[in-house]
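Residues per chain, in single letters:
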Amino acid sequence: QVQLVESGGGLVQAGGSLTLSCAASRSIFSIGVMGWFRQAPGKQRELVATITRAGNTNYADSVKGRFTISRDNAKNTVYLQMNSLKPEDTSLYYCTAGPRSGSYNYWGQGTQVTVSS
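The sections below set out a description of the structure shown in this document. (Residues numbered from 1 in each chain as written. Predicted model: local features only at pLDDT ≥ 70, side-chain atom pairs only at ≥ 80, totals over all residues. Heavy atoms only, no water.)

**Let's talk about the packing of aromatic side chains**
Applying the stated criterion to the full structure yields 3 aromatic pairs. Ring centres 5.4 Å apart and planes at 75° place the aromatic pair F37 and Y104 in the edge-to-face group. Pair noted here: F37 is in strand 4 (residues 33–39) and Y104 is in the loop between strand 9 (91–98) and strand 10 (106–107), with a separation of 67 residues, a long-range link. Look at Y104 and you get buried, because its relative accessible area is 17%. Centre to centre, the rings of Y104 and W107 are 6.3 Å apart; their planes meet at 70°, and the pair counts as edge-to-face. Judged by relative accessible area, which is 32%, W107 ranks as partly exposed. Here the aromatic cluster, defined as three or more aromatic residues joined through ring pairs, consists of F37, Y104 and W107. A cation over a ring is seen here: R45 above Y94, with NZ or CZ 4.0 Å from the ring centre. Positioned over the ring face of W107 is R45, at 4.6 Å from the centre of the ring. (Phe/Tyr/Trp six-rings, centres within 6.5 Å; stacked < 30°, edge-to-face > 60°. Helix = DSSP H or I, 4+ residues; strand = E, 2+ residues; numbered from the N terminus. Buried < 20%, exposed > 50% of the residue type's maximum accessible area, 1.4 Å probe, protein only. Lys NZ or Arg CZ within 6 Å of the ring centre and 35° of its normal.)

Put into structure tokens, the structure is as follows:
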């Protein structure tokens, strides 16, 4: 079992930056994949970015070049650095973890990101 707690969301103007953090309740060293999803009102939850235990990353096309995912195993924390934010990035962002891509067993409660135009 692992509990995930997101933080760092907020209100920002278009073009601004935010860094989301996901703190895990135990060591993440052995967790195969950690990532971020987002869900806007009336829309399906979508993958934003993932990072494997080996450090391999994957991004949604809509955020490539603007977002960076990283993990700090020593701090049991995963980060999502978001730059050049757009109004369409407005969403509830969730942290997730699982043994492999596509198999996510644990989810946080989410942190709201709102980008004003």
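Back to the text.
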